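# Chain and residue survey
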Amino acid sequence: DVKVTQSSRYLVKRTGEKVFLECVQDMDHENMFWYRQDPGLGLRLIYFSYDVKMKEKGDIPEGYSVSREKKERFSLILESASTNQTSMYLCASGSLGERLSYEQYFGPGTRLTVT
Amino acid sequence: DAKTTQPPSMDCAEGRAANLPCNHSTISGNEYVYWYRQIHSQGPQYIIHGLKNNETNEMASLIITEDRKSSTLILPHATLRDTAVYYCIVRVTGNQFYFGTGTSLTVIP
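Notes on the structure follow. Remember, predicted model here, so these are calculated numbers, not experimental data.

## Quick word on the sheet that holds strand β8 (residues 73-78) of chain A
All names here are of chain A. If you trace the four strands from one edge of the open sheet to the other, you get β1-β3-β8-β7, paired in antiparallel fashion. Two strands bound the open sheet, and with one partner strand each, they are β1 (4-6) and β7 (64-70). Between one strand axis and the next, the sheet turns through 20° on average, direction left out of account. With three bridges connecting them, β1 and strand β3 (residues 19-25) associate as antiparallel partners. Directly across from Val4, in β3, lies its bridge partner Gln25.

## Here we look at the state of the cysteines
Going through the model one piece at a time under the given rule, you end up with two disulfides over all chains. Covalent S-S linkage joins Cys23 of chain A and Cys91 of chain A, the inter-sulfur distance amounting to 1.8 Å. Here Cys23 of chain A and Cys91 of chain A share a disulfide; its torsion about the S-S bond, -80°, makes the bridge left-handed. Linking Cys23 of chain A in strand β3 with Cys91 of chain A in strand β9 (residues 87-96), this pair joins segments that are 68 residues apart in sequence. An identical accessibility class is assigned to Cys23 of chain A and Cys91 of chain A; each is buried. Not part of a disulfide, Cys12 of chain B finds its nearest cysteine sulfur in Cys22 of chain B, a span of 18 Å. Taking relative accessible area as the criterion, Cys12 of chain B reaches 7% and is therefore assigned buried.

Cut-offs and rules
Residues numbered from 1 in each chain as written. Chains lettered and ligands numbered in written order. Predicted model: local features only at pLDDT ≥ 70, side-chain atom pairs only at ≥ 80, totals over all residues. Heavy atoms only, no water. Pairing = 2+ DSSP bridges. Helix = DSSP H or I, 4+ residues; strand = E, 2+ residues; numbered from the N terminus. Axes fitted to C-alpha atoms, helices over the stretch in contact; angles between N-to-C directions. Disulfide = S-S within 2.5 Å. Buried < 20%, exposed > 50% of the residue type's maximum accessible area, 1.4 Å probe, protein only.

Here it is, written out as structure tokens:
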């Protein structure tokens, strides 16, 4: 079974702090993703990476950065946390499968509260 | 961009089939339809995907209309554990998925 793990299930940080969210996958997937999920807005893509050291902006990259130094690890960084970044953060990984289909596998999520 | 439209909520009696519709009228010829579900406080879980033929696996069946503008996810015998938010997704560009707000399915005892 594919396993995607995230460093914390719950995190509380103060405004202005630098926050690191870590994600690790064990299936040698090329692609990794960071989403945030807010009530009424569904899942929104923040950043994704299709290879080591490569990254692409998603729909809402402002206020975030990412790092992918190793294939299995993808980090989301909040340079200076703000209260509007309080949210559920979900990491996913994926790879091209049979028939050129594509599946994403999600971690359990990190619920971040910025006070 | 190919996007999807789903009803915000549905109820289903336990043991009955749950039929969840999805509209994707702007889907292009090589785009798959994917279904995921998210049980409260967990990450989304893959259910099934298809291109133009109907698909079935141990979890569900996927019926795609001939014109591919809509699809239906069928849970043949819904249980209380199937209560979740169900997302219908069309893979748009590269490897990006666009999740909407999904359908909140409540299975009623």
